[in-house]
Amino acid sequence: MQCAKTATVKEALSKWEEKTKEKASEAKEIKLYGQIPPIEKMDPSLATLSCCEKLSLSTNCIEKITNLNGLKNLKILSLSRNNIKNLTGLEAVGDTLEELWISYNLIDKLKGVSSMQKLKVLYMSNNLVKDWGTLRSSTESLSVLEKQSTDGNWLDEASKRLPNLRKLDGEGIKRTCF
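Per chain, residue numbering runs from 1 following the sequence as it is written. Reporting of local features is limited, given that this is a predicted model, to residues whose pLDDT is at least 70; pairs of side-chain atoms are given and counted only at 80 or more, and all residues count toward the totals for whole chains, interfaces and linings. Each side-chain value is derived from all of the structure's non-hydrogen atoms; neither hydrogens nor water enter the calculation.

Student: Explain the pattern of salt bridges here, please?
Tutor: When their charged atoms lie close together, side chains carrying opposite charge are able to pair. A side-chain nitrogen of Lys or Arg and a carboxyl oxygen of Asp or Glu constitute a salt bridge if their distance falls within 4 Å. In total, this model carries three salt bridges according to the counting rule given. In this structure, Glu-53 and Lys-28 form a salt bridge, with 3.8 Å as the shortest nitrogen-oxygen distance. Linking Glu-53 in the loop between β3 (39-41) and β4 (54-56) with Lys-28 in the loop between α1 (9-20) and β2 (29-31), this pair joins segments that are 25 residues apart in sequence. We call a residue buried when its accessible area falls under 20% of the maximum for its residue type, exposed when it is over 50%, and partly exposed in between, using a 1.4 Å probe and counting protein chains only. Classification of Lys-28 by relative accessible area gives exposed; the value is 54%. Put simply, Glu-29 and Lys-31 hold a salt bridge, and the shortest N to O gap is 3.6 Å. Put simply, DSSP marks the helices as runs of H or I at least four residues long and the strands as runs of E at least two long, and each gets a number from the N terminus on.

What follows is the structure, encoded as structure tokens:
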């Protein structure tokens, strides 16, 4: 997706406040998806969203995940349909994030997912993942998953390595007790 004219998060938040009559700094849910003009960068104004639990920045032109440090209560982050190439930058919300929606991006490596201790739902279909990296505390590389993804069996392997995960690309994860 090429983006000619773009907006900042600060500008989008200002429009959101006008429309909703709420203060962004006090809101639990903020929807900035499909902005016209689209948001290109996750700028420092995101740090003001300390109460936010659910943030949607889908369908914009964001290339890099940044400036999440102030989002101490963030549980759900939606970044689908952007131009994101990697997951670095998620470490700042690793202790609180429960759902990550990153489908339809340009992600080729899963590095960064392992920092999310409470992740239960991960939507990541329609990306370019080639390097599965190492997830969680597993010492085994997920290169096995890359091979298995052609067979469609990687869901089982991903669920083993992300023990709190409950859904992956909309599919419920079944746990087997031994």
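Student: I would appreciate a short explanation of the nonpolar core in the present structure.
Tutor: Ranked by size, the top nonpolar core spans 40 residues in total, and within it Ile-30, Leu-55 and Leu-90 carry the most contacts. A per-element tally of this core places α1 first, with four residues. Remark: nonpolar core denotes a set of buried residues (Ala, Val, Leu, Ile, Met, Phe, Trp, Tyr, Cys) joined through side-chain atoms within 4.5 Å.

Student: Sorry if this is basic, but what is going on with the state of the cysteines here?
Tutor: Chemically, a disulfide is nothing more than a covalent bond linking the sulfur atoms of two cysteines. Criterion for a disulfide: a pair of cysteine sulfur atoms at a distance within 2.5 Å. Applying the stated criterion across every chain yields a total of zero disulfides. Looking at the unpaired Cys-51, the closest cysteine sulfur is the one in Cys-52, lying at 8.9 Å.

Student: Would you take a moment to explain the side chain of Ser-45 for this structure?
Tutor: As for its placement among the helices and strands, Ser-45 is situated in the loop between β3 and β4. A distance of 2.2 Å separates polar atoms of two side chains, one belonging to Ser-45 and the other to Asp-43. Residues are treated as being in contact if the distance between any of their heavy atoms lies within 4.5 Å. The contact partners of Ser-45, leaving out residues within four places of it in the chain, are Val-9, Lys-10 and Leu-13. Think of a polar contact as two N or O atoms within 3.5 Å of one another; within protein, one of them needs to be a possible hydrogen donor and the other a possible acceptor, and neighboring residues in sequence only count if both atoms come from side chains.

Student: For this particular structure, what's the right way to read α1?
Tutor: Think of an α-helix as 3.6 residues a turn; residues three or four steps apart then line up on the same face. Expected span, for any helix, means 1.5 Å times one less than how many residues it has. The end-to-end C-alpha distance of α1, which contains twelve residues, comes to 16 Å, matching closely the 16 Å that a straight helix rising 1.5 Å per residue would cover. Those residues of α1 lying buried are Val-9, Ala-12, Leu-13 and Trp-16. Angular distribution of buried residues about the axis of α1 spans 100°; they occupy a single face of the element. What points out from α1, more than 90 degrees from its buried face, is the exposed set Lys-10 and Glu-18. Think of it as the arc spanned by the lines of direction from the helix axis to the C-beta atoms.

Student: Where do I start with the confidence of the model for the protein in this structure?
Tutor: For residues with low pLDDT, the predicted coordinates do not support detailed interpretation. For the protein, the mean per-residue pLDDT works out to 82, and 75% of the residues sit at or above 70. Below a pLDDT of 50 lies the segment residues 136-152, which in the model reaches 28 contacts outside its immediate sequence neighbourhood of four places, other chains included. In predicted models, pLDDT denotes the confidence assigned by the predictor to each residue on a 0 to 100 scale.

Student: Can you help me understand the packing of aromatic side chains in this one?
Tutor: When two rings of Phe, Tyr or Trp (its six-membered ring) have centres within 6.5 Å they constitute a pair, described as stacked for plane angles under 30 degrees, edge-to-face for angles over 60, and tilted for the intermediate range. Under the definition given, this model contains one aromatic pair. Taking 4.0 Å as the distance between ring centres and 10° as the angle between the ring planes, the aromatic pair formed by Trp-101 and Tyr-123 counts as stacked. Separated by 22 residues along the polypeptide, Trp-101 in strand β6 (residues 99-101) and Tyr-123 in strand β7 (residues 121-123) bring together distant segments of the chain. When its relative accessible area of 29% is taken as the criterion, Trp-101 is described as partly exposed. Arg-81 extends its terminal NZ or CZ atom over the ring of Tyr-104, reaching a point 3.9 Å from the ring centre. Geometrically, a charge over a ring is one whose NZ (Lys) or CZ (Arg) sits within 6 Å of the ring centre while staying within 35 degrees of the ring normal.

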